[in-house]
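# Topology and contacts: notes
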Amino acid sequence: MLIEEFNCATDSQVESLLRPCLDIDRWIYSIIYARPYATWMDLFEEARNAACPLTESELEDALAAHPRIGERMGGKSEEARLSRSEQERLGAYDQEAVEALARGNRAYEEKFDRVFLIRAAGRNVLEILKALDSRLSNSPDEERFVVESQLREIALLRLEGVAHSDKCFADNNPRP
């Protein structure tokens, strides 16, 4: 997609592109209302800034849209498709890793009362298990900072996917 197409798209078209990246209204509308952007880098900077900081309510809303690591998100939404794609890149893992993720998810949820969130893209299962184990030693304040950072990373990676997509708003069909 060209930045000019993004700039000229309707608010609702842009909202439909952004919501799967980070389902926070303030973030979405901050990006929409800051248009036009000269470059994608300008848009990414706005997106990064708009996601920092997140309120507790925004954080909880955003986390509600993410499955546990190691579990497949159901549904046909774009966000579900992205989540499955990101976790599928972890590759196949054995029963021992599945059980370790399940134990780690339970321990994390017991301690922090929220789903463990990590940017799965670019990581393997062992890296995720190591991060999960390490993050269990964080204080709630430390972990909140890490979770916000992970949400921003996920949002920006997904936004990069939008920038590189073949979506074209002129005829609502992908470009050839």
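Quick caveat: nothing in here was measured; it's all calculated off a predicted structure. (Residues numbered from 1 in each chain as written. Predicted model: local features only at pLDDT ≥ 70, side-chain atom pairs only at ≥ 80, totals over all residues. Heavy atoms only, no water.)

## Looking at the overall build of the protein chain
When its secondary structure is counted, the protein chain shows nine helices and zero strands. Sequence-ordered secondary structure for the protein chain, helices as α and strands as β, is α-α-α-α-α-α-α-α-α. Buried residues in the protein chain amount to 47% of all 176 residues. A separation of at least 24 residues holds for 66% of the contacts in the protein chain among residues at least 6 apart in sequence. If you sum the accessible surface of the protein chain, you get close to 9500 Å²; carbon and sulfur atoms cover 52% of it. (Helix = DSSP H or I, 4+ residues; strand = E, 2+ residues; numbered from the N terminus. Buried < 20%, exposed > 50% of the residue type's maximum accessible area, 1.4 Å probe, protein only. Contact = heavy atoms within 4.5 Å. Areas by Shrake-Rupley, 256 points an atom, 1.4 Å probe, with all protein chains shown as cover.)

## Some remarks on the pattern of salt bridges
Two side chains carrying opposite charge are able to pair once their charged atoms lie near each other. Applying the stated criterion to the full structure yields 13 salt bridges. Between E153 and R119 there is a salt bridge whose closest N-O contact spans 2.5 Å. Here the residue E153 occupies a position in helix α9 (residues 140–163), and R119 occupies one in the loop between α7 (95–112) and α8 (125–135), the gap between them amounting to 34 residues. Looking at E153, the relative accessible area reads 28%, which means it is partly exposed. One salt bridge connects E148 with R152, and the closest N-O pair in it is separated by 3.4 Å. Placement of the pair is E148 and R152 together in helix α9, with a separation of four residues, close to one helical turn. Judged on exposure class, the residue E148 and its partner R152 are both buried. (Salt bridge = Lys/Arg side-chain N within 4 Å of Asp/Glu carboxyl O.)

## Re the packing of aromatic side chains
Applying the stated criterion across every chain, the model contains six aromatic pairs. For the ring pair Y29 and Y33, a centre distance of 6.0 Å and an interplane angle of 20° mean the geometry is stacked. With a gap of four residues between them, Y29 and Y33 both fall in helix α3 (residues 25–33), about one helical turn apart. Judged by its relative accessible area of 28%, Y29 is partly exposed. (Phe/Tyr/Trp six-rings, centres within 6.5 Å; stacked < 30°, edge-to-face > 60°.)

## Some points on the packing of helix α2 (residues 11–18) against α3
Orientation of α2 relative to α3, taken along the N-to-C sense of each, is 135°, at an axis distance of 10 Å. Comparing the axis directions of α2 and α3 gives the class oblique. As for the relative orientation of α2 and α3, their crossing is right-handed in sense. The segment α2 lies against α3, with D11, V14, E15 and L18 engaging W27, I28, Y29, I31, I32 and Y33. Taken together, the residues of the contact of α2 with α3 break down into eight nonpolar, no polar and two charged. (Axes fitted to C-alpha atoms, helices over the stretch in contact; angles between N-to-C directions. Parallel < 35°, antiparallel > 145°, perpendicular 65-115°, else oblique. Left-handed = near helix turned anticlockwise from the far one by under 90°. Nonpolar A, V, L, I, M, F, W, Y, C, P; charged D, E, K, R; others polar.)

## Regarding the side chain of R158
Secondary-structure assignment places R158 in helix α9. Of note is the side chain of R158, whose polar atom sits 2.7 Å from the backbone oxygen of P20. (Polar contact = N/O pair within 3.5 Å; in protein donor to acceptor, adjacent residues only side chain to side chain.)

## Examining the nonpolar core
Ranked by size, the top nonpolar core spans 48 residues in total, and within it F6, L18, W27, W40, L43 and L159 carry the most contacts. Elements with a minimum of two residues in this core: α1 (3–8), α2, α3, α4 (40–50), α5 (56–64), α7, α8 and α9. Counting residues per element, this core draws most heavily on α9, at eight residues. Beyond its immediate chain neighbours, meaning those up to four positions away, L18 contacts F6, W27, I28, I31, I32 and L159. (Core = buried A, V, L, I, M, F, W, Y, C linked by side-chain atoms within 4.5 Å.)

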